Amino acid sequence: MNIDFELYFEKALPVIKKWWFSVVCIPFCWVLAEQFWMALKWEISFSWNYPYPFFLSPFFFFIDNFLLIVHEAGHTLFGFIGGRFITILGGTLFEILLPFAIFAFGWYNQKRYVAQTGLLLTAFAWIESAAYAADAMDRRMPLIGNLPKSSHDFYNLFSMKGVLTEHMTYAWVMYWIGILTLLLFLFGRLLNESNMSMWI
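Residues numbered from 1 in each chain as written. Predicted model: local features only at pLDDT ≥ 70, side-chain atom pairs only at ≥ 80, totals over all residues. Heavy atoms only, no water.

Across its full length, the chain carries six helices and zero strands. Reading the chain from its N terminus to its C terminus gives the helix and strand order α-α-α-α-α-α. In the chain, 66% of the contacts between residues at least 6 apart in sequence involve partners at least 24 apart. About 11700 Å² of surface is accessible on the chain, with carbon and sulfur atoms providing 69% of the total. (Helix = DSSP H or I, 4+ residues; strand = E, 2+ residues; numbered from the N terminus. Contact = heavy atoms within 4.5 Å. Areas by Shrake-Rupley, 256 points an atom, 1.4 Å probe, with all protein chains shown as cover.)

The end-to-end C-alpha distance of helix α4 (residues 112-134), which contains 23 residues, comes to 33 Å, matching closely the 33 Å that a straight helix rising 1.5 Å per residue would cover. Counting buried positions along α4 gives 19 out of 23 residues, so the element sits mostly inside the fold. (Expected span 1.5 Å × (residues − 1). Buried < 20%, exposed > 50% of the residue type's maximum accessible area, 1.4 Å probe, protein only.)

All right, on to the packing of aromatic side chains then. Taken as a whole and judged by the stated rule, the model has 22 aromatic pairs. Seen from their ring centres, Phe21 and Tyr113 are 5.7 Å apart, and the 90° between their planes marks the pair as edge-to-face. Residue Phe21 is found in helix α1 (residues 5-41), and its partner Tyr113 is found in helix α4; the two are separated by 92 residues along the sequence. Accessibility expressed as a relative area gives 32% for Tyr113, which makes it partly exposed. Ring geometry for Phe154 and Phe158: centres 5.4 Å apart, planes at 50°, overall tilted. Residue Phe154 and its partner Phe158 are both found in helix α5 (residues 153-161); the two are separated by four residues, about one turn of the helix. One aromatic cluster is present, formed by Phe28, Phe46, Tyr50, Tyr52, Phe60 and Phe124 through successive ring pairs. The ring of Phe85 carries Lys161 above its face, with NZ or CZ at 4.7 Å from the centroid. (Phe/Tyr/Trp six-rings, centres within 6.5 Å; stacked < 30°, edge-to-face > 60°. Lys NZ or Arg CZ within 6 Å of the ring centre and 35° of its normal.)

When pLDDT is averaged along the chain, the result is 89, and 86% of the positions lie at 70 or above. The least confident element of the chain, judged by mean pLDDT, is α1 at 80; the most confident is α5 at 97. (pLDDT = per-residue confidence, 0-100.)

For the rest of this paragraph, the subject is helix α6 (residues 167-187). A rise of 1.5 Å per residue sets the reference length of α6, with its 21 residues, at 30 Å; its end C-alpha atoms lie 30 Å apart and thus fit the reference within 8%. Here α6 has its buried residues at His167, Ala171, Met174, Tyr175, Gly178, Ile179, Thr181, Leu182, Phe185 and Leu186. On an axial view of α6, the arc spanned by its buried residues comes to 160°, and they lie on one face. Residues Thr169 and Leu180 are exposed on α6 and point more than 90 degrees away from its buried face. (Arc of directions from axis to C-beta.)

For the rest of this paragraph, the subject is the side chain of His75. Residue placement: His75 occurs in helix α2 (residues 57-79). A polar contact of 3.5 Å, which involves the side chain of His75, links it to the backbone nitrogen of Gly91. A polar atom in the side chain of His75 sits 3.0 Å from the side chain of Asp153. The residues touching His75, leaving out its near neighbours within four places in the chain, are Thr87, Ile88, Gly90, Gly91 and Asp153. (Polar contact = N/O pair within 3.5 Å; in protein donor to acceptor, adjacent residues only side chain to side chain.)

Turning our eyes to something else, we now look at the packing of α2 against helix α3 (residues 84-108). Taken N-terminus to C-terminus, the directions of α2 and α3 make an angle of 130°; their axes are 7 Å apart at the nearest point. Regarding the angle of α2 to α3, the classification is oblique. In this structure, the crossing between α2 and α3 has a hand that is right-handed. Taking contact as the criterion, the partners of Phe66, Leu67, Val70, His71, Ala73, Gly74, His75, Leu77, Phe78 and Gly79 in α2 are, on α3, Ile86, Thr87, Ile88, Gly90, Gly91, Thr92, Leu93, Phe94, Glu95, Leu98 and Pro99. Looking at the contact of α2 with α3 residue by residue, the classes come out as twelve nonpolar, eight polar and one charged. (Axes fitted to C-alpha atoms, helices over the stretch in contact; angles between N-to-C directions. Parallel < 35°, antiparallel > 145°, perpendicular 65-115°, else oblique. Left-handed = near helix turned anticlockwise from the far one by under 90°. Nonpolar A, V, L, I, M, F, W, Y, C, P; charged D, E, K, R; others polar.)

Right under this line is the structure:
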């Protein structure tokens with residue numbers, strides 16, 4: 001029996017072009033979700049000390065450090081607005097808003113891969129911030145510049161609002177927002193595709 005591989009390839013090509021980026025990112029998304037699930041559920045140190053598969057380590061290193069820079073910039077940026085609470089919150093806020101702005105830019109300008117990258121970074125920011133929130137009580141997470149435990153963002157934020165004892169509730173909500181954003185990144189093209197020309 002002769003198999004026309006060229007015909008099969010021509011039929012498969014539109015599907016490959018449509019889904020390759022999502023498929024390539026599945027291992028990254030799986031490890032991200034697993035790492036921070038374990039951090040929130042069992043041991044917070046998994047959020048900064050995790051045995052990544054060797055081929056994923058550079059991606060985690062790059063994204064983690066990129067978002068760290070964005071986070072620290074957020075403290076400075078929102079510090080100009082005034083007020084200790086908004087200055088502290090500004091780090092996490094900017095870490096989430098900047099990737100979302102990248103997504104919005106890509107969406108508006110019909111740049112699919114830019115939009116997807118923005119969603120991936122937004123999901124990463126939510127999930128990573130969830131671990132930071134989960135650490136608010138014990139404050140074991142190493143802080144940049146060896147800052148003291150009293151500088152922990154979420155310890156201060158939750159203490160100022162009187163919700164420190166509920167820190168894990170906030171952490172899990174942030175985690176699941178991140179997971180939903182990851183799913184939107186991976187499978188968003190299935191949603192109402194006929195009205196979403198940028199995903200075609």
